[in-house]
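Per-entry structural report
Letter by letter, the chains look like this.
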Amino acid sequence: MKEVAENLKVSDQPIMKTIYEEGDTTVIAIGLGRGVELAEHLAPCKAKLMVVQGEIDFNTETESRRYACFESYDIPMNLRHSLVAWDDALVILFLTEG
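Residues numbered from 1 in each chain as written. Predicted model: local features only at pLDDT ≥ 70, side-chain atom pairs only at ≥ 80, totals over all residues. Heavy atoms only, no water.

Looking only at helices and strands, the protein chain has one helix and nine strands in total. Put simply, the protein chain runs from its N terminus to its C terminus through helices and strands in the order α-β-β-β-β-β-β-β-β-β. Computed over the C-alpha atoms, the radius of gyration of the protein chain is 13 Å, within 12% of the 13 Å expected from 2.2 N^0.38 for a compact globule of 98 residues. For the protein chain, buried positions account for 39% of its 98 residues. For the protein chain, the exposed surface amounts to about 5,800 Å²; the carbon and sulfur share of it is 49%. When the 9 basic and 17 acidic side-chain charges of the protein chain are each reduced to a single mean position, those positions are 4 Å apart. (Helix = DSSP H or I, 4+ residues; strand = E, 2+ residues; numbered from the N terminus. Rg over C-alpha atoms; globule rule 2.2 N^0.38 Å. Buried < 20%, exposed > 50% of the residue type's maximum accessible area, 1.4 Å probe, protein only. Areas by Shrake-Rupley, 256 points an atom, 1.4 Å probe, with all protein chains shown as cover. Lys, Arg positive; Asp, Glu negative; His and termini not counted. Charge placed at Lys NZ, Arg CZ, Asp CG, Glu CD.)

Moving on to the nonpolar core. Among the nonpolar cores identified, the biggest contains 21 residues, and I30, L32, L49, I56, I75, L83 and L93 are the most heavily contacted of them. Broken down by secondary-structure element, the contributors of at least two residues to this core are β2 (25–32), β4 (46–53), β5 (55–59), β7 (72–75), β8 (80–85) and β9 (89–96). Of all the elements, β9 adds the most residues to this core, at four residues. (Core = buried A, V, L, I, M, F, W, Y, C linked by side-chain atoms within 4.5 Å.)

Within the fold, T26 resides in strand β2. Those residues in contact with T26 that sit more than four places away from it in its chain are T18, Y20, E21, L93, F94 and L95. (Contact = heavy atoms within 4.5 Å.)

With that settled, the discussion passes to the pattern of salt bridges. Opposite charge on two side chains lets them pair, provided their charged atoms get close. Enumeration over the complete set of coordinates arrives at six salt bridges. In this structure, the salt-bridge partner of K17 is E3, at a minimum N-O distance of 2.9 Å. Taken together, the residues span a long stretch of sequence, with K17 in strand β1 (residues 15–22) and E3 in helix α1 (residues 2–8) at a distance of 14 residues. Take K17: its relative accessible area is 33%, and that puts it in the partly exposed class. Of the charged contacts in the structure, one is a salt bridge between R80 and E40, with a shortest N-O distance of 3.8 Å. Of the two residues, R80 sits in strand β8 while E40 sits in strand β3 (residues 37–42), which places them 40 residues apart along the sequence. (Salt bridge = Lys/Arg side-chain N within 4 Å of Asp/Glu carboxyl O.)

Evaluated as defined, the whole model comprises three aromatic pairs. Connected via pairs of aromatic rings, a cluster forms that spans F58, Y67 and Y73. When the ring centre of W86 is taken as reference, the NZ or CZ atom of R34 above it lies at 5.8 Å. The ring of W86 has R66 lying over it, and the distance from NZ or CZ to the ring centre is 3.8 Å. (Phe/Tyr/Trp six-rings, centres within 6.5 Å; stacked < 30°, edge-to-face > 60°. Lys NZ or Arg CZ within 6 Å of the ring centre and 35° of its normal.)

The values reported here are purely geometric and, on their own, carry no functional implication.
This is the structure in structure tokens:
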């Protein structure tokens, strides 16, 4: 996480690093500098997003929600969405296959 946090300060692209992977579970750290977007994509499996620093906008075709530090959201499968950092943000994404 520290490496992701340090790199987001100098990157205009999302920083992503797998921090845990075992069996059906993958945990990914995502760093987004202020104004940086994680482009629209689909959740391929069960996913939970948790903000651990800053604020992000979670955008879908029909709405936008802002999530702040320590807030989380269960992302529905096959929901097309994007993320945009309102402030420098660190997010943990929990993915569970099956």
